[in-house]
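Tertiary structure, described
In case you want the letters, here they are:
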Amino acid sequence: MSDQSAKGVVVGADGLARCPWGLETESLADYRVYHDTEWGRPVRGDDALYERMCLEAFQSGLSWLTILRRREGFRAAFADFRIEKVAAFTEADAERLLADPGIIRNRAKIAATIGNAKVAAALAPGELEELIWSYAPDPVGRPVPVTFADVPAVTPESTALARDLKKRGFRFVGPTTAYALMQACGLVNDHLADCHARTLP
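Conventions and cut-offs
- Residues numbered from 1 in each chain as written.
- Predicted model: local features only at pLDDT ≥ 70, side-chain atom pairs only at ≥ 80, totals over all residues.
- Heavy atoms only, no water.
- Helix = DSSP H or I, 4+ residues; strand = E, 2+ residues; numbered from the N terminus.
- Buried < 20%, exposed > 50% of the residue type's maximum accessible area, 1.4 Å probe, protein only.
- Phe/Tyr/Trp six-rings, centres within 6.5 Å; stacked < 30°, edge-to-face > 60°.

The residue Pro 143 is located in the loop between α8 (127–133) and α9 (156–167) in this model. Overall, Pro 143 belongs to the exposed group, its relative accessible area being 64%. Note: C-alpha distance between Pro 143 and Arg 32 (111 residues apart in sequence) is 24 Å.

Encoded structure:
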């Protein structure tokens, strides 16, 4: 998305204005669908938030498109990101995952995904959701971005969230990843001012 950072909205062939990374082109069709239907919409539920946390961690250093195109592979490999199931994964499961071509085969990220499930499983039901959403900033008075250059990579809230998650034992959740999680899960609305998805429910 960074190569589009100085641009404002882009109007697609369907006449809809979108954030520049949501361009309606064949090669970026996955981005367009994700932009229009998921990114910035509120995500609730421990398992759903755990999935997003894991995918954001796997994305670190890679294109988000790479993750989107392997999403079903990730879900199949990690038991649909059901916390209790992934928390029960063994070393044999970790080795299986390292051989799975449907995901990103990164030993440290796989270990973190399993370890994070164990941490999340130790929380009370709903506690992970409550923890993450407690760091959502008040939208009142928050500047509305006009171009992606106006969108921060890190905020005080994402730094605090990352610190809290790490303190509890979560891994691969630095401030930048935490902010990407906040954007993806609707804790903040970083659709550009003229983007058609900004005001969607």
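Scanning the model with the defined rule gives 10 aromatic pairs in all. With centroids separated by 6.0 Å and ring planes inclined at 50°, the aromatic side chains of Phe 58 and Phe 78 adopt a geometry described as tilted. Linking Phe 58 in helix α2 (residues 46–59) with Phe 78 in the loop between α4 (71–77) and α5 (83–87), this pair joins segments that are 20 residues apart in sequence. Both residues of the pair, Phe 58 and Phe 78, belong to the buried class. Chaining the aromatic ring pairs together yields one cluster made of Trp 21, Tyr 31, Tyr 34, Trp 39, Trp 64 and Phe 148.

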